[in-house]
Amino acid sequence: MNSALGPVGATATGGGSRSRAISNGRVVAVLLAVVVGSLLFVSVQPTFYRAFCEWAGLYDIDRAERVASSALPSRPVTLEFDANSHDGGLLFRPQTASMEVKTGEVVHVTYRVENTRNSTVIGQAVPSYSPQYAGGYVKKLECFCFKQQTFAPHEVREMPVVLLLDKGLPEEVNRVTLSYTFFEVPAGSTNSSAPAAEIGK
């Protein structure tokens, strides 16, 4: 009896070994796929991130460096600042009404916002320019308009804007007005950025 059972037992053992080998092979294949996928993701992530920043207007730092190092001469320009609130719940104003700057130099300005409501307010600031075509020569390095802002009841906040004017600004433009309008975002809306066409200016 034992001799008869011996081959059967051996066959069963061999089958189990083959099953385990196949299972282990699948695990190894899955792990290799995960590793390769991770490496590919890491390799392309900087490209995707850069593309997103350029699409959203958040990659003006490189552009600013090119502007600052431009061979074009700098010239004086008057920068004026304005602020408005579309729905009235936010008191919004620039700390500086105007300043004399030079094209190609980095400019720092601060805006002040106060939430006058007894409830939280979410707002999105949208820029505009005068003359309108001058917006293409305003390069923002830092701006609260890049994303929605959430203000607690009666919160007061000072928010910086860092920018420069492209040295390629047409000669006939000696005064540029940068204006922001805060629009309140309905509760429950997704926290999306302002339109890329606006932010990138």
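The structure this text deals with has already been given above.
Scope of this entry: the structure provided in the associated data block. (Residues numbered from 1 in each chain as written. Predicted model: local features only at pLDDT ≥ 70, side-chain atom pairs only at ≥ 80, totals over all residues. Heavy atoms only, no water.)

Structural notes on the overall build of the protein
Then, number 1: Helix and strand counts for the protein come out as three helices and nine strands.
Then, number 2: Along the protein, from the amino end to the carboxyl end, the secondary structure elements read α-α-β-β-β-β-β-β-β-β-β-α.
Then, number 3: Taking all 201 residues of the protein together, 32% fall into the buried category.
Then, number 4: Put simply, 76% of the contacts in the protein that link residues at least 6 apart link residues at least 24 apart. (Helix = DSSP H or I, 4+ residues; strand = E, 2+ residues; numbered from the N terminus. Buried < 20%, exposed > 50% of the residue type's maximum accessible area, 1.4 Å probe, protein only. Contact = heavy atoms within 4.5 Å.)

Examining the packing of aromatic side chains
Then, number 1: Taken as a whole, this structure holds eight aromatic pairs when the rule is applied.
Then, number 2: Between the aromatic rings of Phe-92 and Tyr-111, the centroid separation amounts to 5.4 Å while the plane-to-plane angle is 35°, which identifies the pairing as tilted. Remark: Tyr-111 occurs in strand E4 (residues 107–115) and Phe-92 occurs in strand E2 (residues 90–94); sequence separation between them is 19 residues. No difference in accessibility class separates Phe-92 from Tyr-111, as the two residues are buried.
Then, number 3: Plain terms: the ring middles of Phe-92 and Phe-144 are 5.9 Å apart, the flat faces sit at 85° to each other, and that makes the pair edge-to-face. Separated by 52 residues along the polypeptide, Phe-92 in strand E2 and Phe-144 in the loop between strand E6 (138–142) and strand E7 (149–151) bring together distant segments of the chain. Like Phe-92, the residue Phe-144 is buried in the burial classification. (Phe/Tyr/Trp six-rings, centres within 6.5 Å; stacked < 30°, edge-to-face > 60°.)

Topic: the nonpolar core
Here is a general trend for soluble globular proteins: nonpolar side chains tend to be buried in one another's company.
Then, number 1: Grouped together as the largest cluster of nonpolar side chains are 31 residues, with contacts concentrated most on Tyr-111, Phe-144, Tyr-180 and Phe-182.
Then, number 2: Where this core is concerned, the elements lending two or more residues are strand E1 (76–85), E2, E4, strand E5 (121–130), strand E8 (156–165) and strand E9 (175–184). (Core = buried A, V, L, I, M, F, W, Y, C linked by side-chain atoms within 4.5 Å.)

Looking at unusual backbone geometry
Then, number 1: The omega torsion across Ser-130 and Pro-131 is -5°, close enough to zero to call that bond cis.
Then, number 2: Topologically, Pro-131 is positioned in the loop between E5 and E6.
Then, number 3: The backbone of His-154 shows a phi angle near 60°, a positive value even though the residue is not glycine.
Then, number 4: Mapped onto the secondary structure, His-154 falls in the loop between E7 and E8.
Then, number 5: When its relative accessible area of 44% is taken as the criterion, His-154 is described as partly exposed.

Brief notes about the pairing of E1
Then, number 1: With five bridges connecting them, E1 and strand E3 (residues 98–102) associate as antiparallel partners. Note on E3: the bridge partner recorded for Glu-80 is Ser-98.
Then, number 2: Note that E1 and E9 share eight bridges and pair parallel. Its bridge partner lying in E9, Ser-85 is registered against Phe-182. (Pairing = 2+ DSSP bridges.)

A look at the state of the cysteines
Then, number 1: Tallied over the entire structure, the rule returns one disulfide.
Then, number 2: The partner cysteine of Cys-143 in its disulfide is Cys-145, sulfur to sulfur 2.5 Å. Taking the sign of the S-S torsion, 130° for the link of Cys-143 and Cys-145, the bridge is right-handed.
Then, number 3: Assessed through its relative accessible area of 0%, Cys-145 is described here as buried. (Disulfide = S-S within 2.5 Å.)

As for the sheet that holds E7
Note: strands within a sheet are paired through backbone hydrogen bonds, in either parallel or antiparallel orientation.
Then, number 1: Ordered by their spatial adjacency, five strands build an open sheet running E3-E1-E9-E5-E7, and the pairing between neighbours is mixed. The open sheet has two free edges, formed respectively by E3 and E7, since each of these has just one partner strand. On average, adjacent strands in this sheet sit at an angle of 35° to one another, irrespective of strand direction. (Axes fitted to C-alpha atoms, helices over the stretch in contact; angles between N-to-C directions.)

Details of the sheet that holds E2
Then, number 1: The four strands are arranged E2-E4-E8-E6 in an open sheet whose pairing can be described as antiparallel. The open sheet is flanked by E2 and E6, the only strands paired with a single partner. Averaged over all pairs of adjacent strands, the angle between strand axes in this sheet comes to 30°, irrespective of strand direction.
Then, number 2: Looking at chain direction, E2 and E4 are connected through five bridges and run antiparallel.

Things to note about the environment of Lys-147
Then, number 1: Inspection of the secondary structure puts Lys-147 in the loop between E6 and E7.
Then, number 2: Residues Lys-147 and Ala-125 lie 22 residues apart in sequence; the distance between their C-alpha atoms is 8.1 Å.

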